Amino acid sequence: SSLEILLIVAAFAIAEPYSVYVNRGNHEDFGVCGVYTFAHELETKYPKSEENQCLHEVIEQIFAYLPIACVIDRNILIIHGGLSDKIRDLDHLANIQRGGYKSL
């Protein structure tokens, strides 16, 4: 189940921050995961209410702060899907404000 996997990956990333890399892909966008199963799973397990609204918002914020790409060992670029032709270089990519986009 997606929520449990998210929690396990988050726990690994917290426990071993230099060993676990998590990038933002298209499914970490509520515009996309709302169409697929994650948002449905979340709403089934924790229906939207005043008490559960915080959970939905926290997950949306976590997704918004995930990096779009990372470079490992100054040599390997890891990215989901591909780059826009508007990205000129890695500095341009690094300067994209994380957290500013809940949907890309």
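Residues numbered from 1 in each chain as written. Predicted model: local features only at pLDDT ≥ 70, side-chain atom pairs only at ≥ 80, totals over all residues. Heavy atoms only, no water.

### Details of the pattern of salt bridges
Scanning the model with the defined rule gives two salt bridges in all. Between K45 and E41 there is a salt bridge, with its nearest N and O atoms 3.1 Å apart. Here K45 and its partner E41 are both found in helix α3 (residues 37–45), four residues apart, which amounts to about one turn of the helix. On the basis of relative accessibility, which here comes to 14%, the residue E41 falls in the buried class. Through salt bridges with shared partners, a single network forms among E4, E41 and K45. (Salt bridge = Lys/Arg side-chain N within 4 Å of Asp/Glu carboxyl O. Helix = DSSP H or I, 4+ residues; strand = E, 2+ residues; numbered from the N terminus. Buried < 20%, exposed > 50% of the residue type's maximum accessible area, 1.4 Å probe, protein only.)

### Looking at unusual backbone geometry
For D73, which is not glycine, the phi dihedral falls at a positive 55 degrees. Tracing the backbone shows D73 in the loop between β1 (69–72) and β2 (76–79). Although it is not a glycine, R74 sits at a positive phi angle of roughly 55 degrees. Classification of R74 by relative accessible area gives exposed; the value is 83%.

### Some remarks on the confidence of the model for the protein chain
Considering every residue of the protein chain, the mean pLDDT works out to 79; 84% of them sit at 70 or more. For the protein chain, the element scoring lowest by mean pLDDT is helix α2 (residues 30–33), at 63; helix α1 (residues 2–15) scores highest, at 91. (pLDDT = per-residue confidence, 0-100.)

### Looking at the nonpolar core
Membership of the largest hydrophobic core is limited to six residues, which are L3, F38, L42, I59, F63 and L66. Put simply, the parts of the chain that give this core at least two residues each are α3 and α4 (50–65). (Core = buried A, V, L, I, M, F, W, Y, C linked by side-chain atoms within 4.5 Å.)

### Observations concerning the pairing of β1
Of the pairings in the sheet, the one linking β1 to β2 comprises four bridges and is antiparallel in character. Following the sheet pairing, C70 is matched in β2 by I78. The antiparallel pairing of β1 with β2 creates a hairpin that spans three residues between the two strands, and D73 there sits at a positive phi of about 55 degrees. (Pairing = 2+ DSSP bridges.)

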